[in-house]
Structures are given as structure tokens and as C-alpha cells.
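Remarks on the overall topology
Listed here are the chains, written in short residue letters.
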Amino acid sequence: MDRRTFLGAAALLGASGALLGGTGDTPKRRETRGLGVVKPPRLREGDLVGLVAPGGFVTEDGVAESIENLEAAGFKVKVGKNLLKRSGYFAGVDQDRADDINEMFADDDVFGVWCARGGYGAIRLLERLDYEVIRRHPKPLIGYSDVTALHGALFDRVGLISFHGPVGISTFDEFSVQSFRDVVMNPRPTYEFPYPDRDLKKLRDDADNYKRTTVVGGKAEGRLAGGNLSVVASLVGTPFEFDFKDKIVYLEEVSEDPYRVDRMLSQLLLAGAFDYVKGVALGVFRNCVPDKSHPSIYENSFTVAEVVRDRLGGIGAPVATGFPFGHVNEKITIPYGANAALDADAVTLTLTENAVIN
């Protein structure tokens, strides 16, 4: 059996043959446990990956930068046919962006789907993705920030593990590339996520948001789920609302005042999102500091650390902060839907299974 044939067979077995609808057909939310978890085949050096833009538009320079980064990481690149289109702040109209994703999943010559950037817009594609095609052609989807919406939908609708990792225009530093390789290309049954060496003294106002901190001690195990906080909060009350039951939830944010972080966490608390979580691992909330241009807010503001302790300190599960993911240069790649162990006392997060198949 060749690799492409195995791809389809593995997907059919993993998804239990459930009909998940296609383009234009939005299925009701269903428990992923009933579908089975689908692990995509691992990426290999020299594989062809498809470059797409599910949200914000990409400039020609951004496309060139993405291709250069992915080729330097060892891949060949196929550019989505609509990648350079523009409609306002989007990379083409919704159907253009969805078509590129659907076609990359359907193309048996493409072994991974890589998002060139985030921005905003992925939420508008969730009803346009062809989940049946994705189920029959599982492959790694890579990206973070706005791509969070896609990660949640793929796991909820298909059971597919996808990867919260660098977008095409990210800084492909040695730490980030090695983490990606360790998770998506050369996995091991147990893998503790590393930390980069950072001089927190150089970060000034933002230093506390990078610190490894135990908020609520304890240990927990569960499947990983989460991503960008504002995207997660925006889907509350929709058919694509994130299911955090029995999960280790990972969240990050960028350039939001602490009161906005407070509001989003409060929204999730009121929606019951944290009622049955196993644990919470927070990434770097970069530049989430009080706005100095508004003195009355700045002088009386809580810090993000204080907000987190107040909002999440009483959820009855381990909570730790400062994990190296989010809108930072040196970032780990997190497989959405894979099993992991959180040690909030030691502030460590460890994969307890391979997130891909050989």
C-alpha cells in the first residue's frame, strides 16, 4: 500500500465512517469521541506542502518570504491559486480562501497545508470547508493566531489533529523549526516541550507575561485544545464553540489590554468553558499591558498575571503560565487534539503520544 492509499484508509478507519457534510452543509456539533481521533501522516523532508491564506491578505513579499521559509525548512511549496487575491482586508472572498484549503486537502501530491499568515477571516470559512474531503485526505494543517478557528473545527468535525505552529511569514528561528520537526516530522512517544533562553530584563513592561508561573498547582492529563483567546471567545454560542471538557486548554493573546483579557476569560467562564477542564496552560500574552495613552486606565490597571489569577484561580484545575507559544519569535508547535500531561508545579507540558503516524 503506497502512502497516498494509506492516507485515505487511515482516515476512513479513524473517522468511523461518519458523514460529516461538505461545502455548504454545516453539521450540528457532535462529540469528537464518537468520531475517533485522526492522526495525519508525519511530514518528511522534501514533501510538497500547500500554502494558503485563510484570513488576512498576503502581499507578494509575504508569499516570497513564506516560500523561502518553508523551502529552508526542507519542503517544496505549492501556492494556492487564490493566494494573492485581495478583498478588503481578506485574501480574496470567503469562497476563494475556502477553495484553496479544500483543494490542498484533496490534492494527493500535497502532504501538508500551511497557512501563510493569520489576521482575521478563518471564522468565516467554517461553513465552507469540505469536511468529507478533509476526512478522506488527512494531513497536517499548520498555523496559529486566527488559524485557531480552523484547528477547532477540524478536530470537532473530523477528529483531525492539527498543529498550532508558525505561519509562513513567522520567524523560522532554530528553536521554532526544531520544535516543529520534533512534533510533526520526527515524533517520539513522550516529548516535553522545551523553553528558549530569554533575557527577561530586556522585555521591560512585558517581562511578567513571559515568566513561567504556577497559578494553581497540580498535575493533569488530557487532550490539548485551544489557541488564540479572542478567537476562542468569539465562537462561544455558535455551532463551532470549542469543547474543553476533559481537555488541557492552551491559550495565548497579543496586544490586548488586561481588561480585555479579563473580559474574554470572563465570557468563557460564564459560558461554562472551564467547568470540566483538566488543566490550563497559558502561553505568552505578548504586549498585553495597560495602555499608557490612557493614564486613568494605565494607573489603575491590573496586570495580565493578576487577571489570570483572579479569573482562573478558582476553576478547580491546575493552571500555569509562560509556555513558549503565541505571538513570539521562538515558539513550540502544539498538536491540537493530542494527549498531553501538564505539571503546573514544575510548569512543564509533555506530549504523551505521537501526534502523527509514520
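For the structure, check the block above.
Cut-offs applied
- Here the residue index of a chain counts from 1 through its sequence in written order.
- Where totals are concerned, whole chains, interfaces and linings use all residues; where local detail is concerned, this predicted model gives features only for residues with pLDDT of at least 70, and gives and counts side-chain atom pairs only at 80 or more.
- As a convention, hydrogens and water are excluded, and side-chain values are obtained from all of the structure's heavy atoms.
- Paired strands are those between which DSSP finds at least two bridges.
- Starting at the N terminus, helices and strands are each numbered in turn, a helix being any DSSP run of H or I of at least four residues and a strand any DSSP run of E of at least two.
- In this analysis, two residues are considered to be in contact whenever any of their non-hydrogen atoms come within 4.5 Å of each other.
- The angle between two axes is taken between their N-to-C directions and runs from 0 to 180 degrees, where each axis is a line fitted to C-alpha atoms and a helix contributes only its stretch in contact.
- One speaks of a salt bridge when a side-chain nitrogen belonging to Lys or Arg is within 4 Å of a carboxyl oxygen belonging to Asp or Glu.
- Three labels apply to residues, based on accessible area from a 1.4 Å probe with only protein chains included: buried if under 20% of the type maximum, exposed if over 50%, partly exposed otherwise in between.
- Residues enter patches when their relative accessible area tops 30% and they take part in no salt bridge; the joining distance is 9 Å for like charges and 5 Å for the nonpolar side chains Val, Leu, Ile, Met, Phe, Trp and Tyr.
- Surface exposure here means Shrake-Rupley accessible area, sampled with a 1.4 Å probe, where a residue is shielded only by the protein chains that are shown.
- Neither His nor the chain ends contribute to the count of charged residues, in which Lys and Arg are positive and Asp and Glu negative.
- A charged residue contributes its charge at one atom only: NZ of Lys, CZ of Arg, CG of Asp or CD of Glu.
- What sets the label is the angle itself: under 35 degrees gives roughly parallel, over 145 gives roughly antiparallel, 65 to 115 gives roughly perpendicular, and the rest give oblique.
- In a left-handed crossing the near helix is turned counterclockwise from the far helix by less than a right angle, and in a right-handed crossing that turn is clockwise.
- A pair of aromatic rings is counted whenever rings of Phe, Tyr or Trp (Trp by its six-membered ring) have centres within 6.5 Å, and the orientation is called stacked for planes under 30 degrees apart, edge-to-face for over 60 and tilted otherwise.
- Only when the NZ of Lys or the CZ of Arg is both within 6 Å of the ring centre and within 35 degrees of the ring normal is a charge said to sit over the ring.

**A short note on the sheet that holds strand S7 (residues 213-216)**
In spatial order, the strands read S6-S14-S13-S8-S9-S10-S11-S7; together these eight strands make up an open sheet with mixed pairing. Edge positions in the sheet fall to strand S6 (191-192) and S7, since each has one partner strand and no second. Note: strand S9 (residues 247-254) against strand S10 (residues 279-286), six bridges, orientation parallel. The partner of Val254 across the bridge, within S10, is Arg286. The strands touched by helix H10 (residues 304-312) are S7, S10 and strand S11 (319-321); relative to S7, the strand with the most contacts, the crossing angle is about 25 degrees.

**Comments concerning the pattern of salt bridges**
All told, the structure shown has 16 salt bridges when counted by the stated rule. Close ionic contact of Lys85 with Asp96 constitutes a salt bridge, the shortest N to O distance being 3.5 Å. Taken as a pair, Lys85 in the loop between strand S2 (76-79) and helix H3 (94-106) and Asp96 in helix H3 lie far apart in primary sequence, eleven residues in all. Under the relative-accessibility criterion, Lys85 is labelled partly exposed at 38%. Here Asp94 ties to Arg97 by a salt bridge, and the two come within 3.1 Å at their closest N and O atoms.

**A short note on a negative patch on the surface**
Side chains of Glu60, Asp61, Glu65, Glu68 and Glu71 sit close together on the surface and give a patch of like negative charge. Inspection of the secondary structure assignment puts Glu65 in helix H2 (residues 60-72).

**Some remarks on the packing of helix H8 (residues 258-270) against H10**
At a closest axis distance of 9 Å, the pairing of H8 and H10 adopts a crossing angle of 15 degrees. Overall, the two elements H8 and H10 adopt an arrangement that is roughly parallel. Remark: the crossing between H8 and H10 carries right-handed chirality. On H10, the residues touching Pro258, Val261, Asp262, Leu265, Ser266 and Leu269 of H8 are Val304, Val307, Val308, Arg311 and Leu312.

**Looking at unusual backbone geometry**
Even without glycine at this site, Ser145 takes up a positive phi of about 65 degrees. With respect to the element layout, Ser145 can be found in the loop between strand S4 (141-143) and helix H5 (148-158). What makes Ser145 buried here is its relative accessible area of 12%. A positive phi angle, close to 55 degrees, is found at Ser255, a residue other than glycine. Within the fold, Ser255 resides in the loop between S9 and H8. By relative accessible area, Ser255 is classed as partly exposed at 46%.

**A closer look at the packing of aromatic side chains**
The relation between two aromatic rings is expressed through the spacing of the ring centres and the mutual angle of the planes. Counted under the stated rule, the structure contains 14 aromatic pairs. Taken together, a centroid distance of 5.9 Å and an interplanar angle of 50 degrees make the contact between Phe242 and Phe244 tilted. Looking at Phe242, the relative accessible area reads 8%, which means it is buried. Accessibility expressed as a relative area gives 3% for Phe244, which makes it buried. Taken together, the aromatic side chains of Phe155, Phe242, Phe244, Tyr250, Phe325 and Tyr336 make up a single cluster linked through ring pairs. One Lys or Arg, Arg212, reaches over the ring of Tyr195 and ends 3.6 Å from the middle of that ring. Taking NZ or CZ as reference, Lys331 lies 4.8 Å from the ring centre of Tyr144, over its face.

**Considering the side chain of Asn228**
Within the element layout of this structure, Asn228 appears in strand S8 (residues 219-228). Setting aside residues up to four positions removed in sequence, Asn228 forms contacts with Ser145, Thr148, Glu252, Glu253 and His327.

**A look at the sheet that holds strand S12 (residues 334-336)**
Taking strand neighbours across the sheet as the criterion, the six strands line up as S2-S1-S3-S4-S5-S12 in an open arrangement whose pairing is mixed. Sheet topology places S2 and S12 at the edges, where each strand pairs with a single neighbour. Strand-to-strand twist across the sheet, computed as the mean angle between neighbouring axes with direction ignored, equals 30 degrees. Here S4 pairs with strand S5 (residues 162-164) via two bridges, running parallel. Among the inter-strand pairings, Ile142 is bridged to a residue of S5, identified as Phe163.

**Digging into the pairing of S8**
Where burial is concerned, most of S8 is hidden: seven out of the ten residues are buried. Here S8 runs beside strand S13 (residues 339-343); their pairing, made up of five bridges, is antiparallel. Counted as the bridge partner of Arg223 is Asn339 from S13. Direction of pairing for S8 relative to S9: parallel, over a ladder of six bridges. Of the residues in S9, the one forming a bridge with Arg223 is Lys247.

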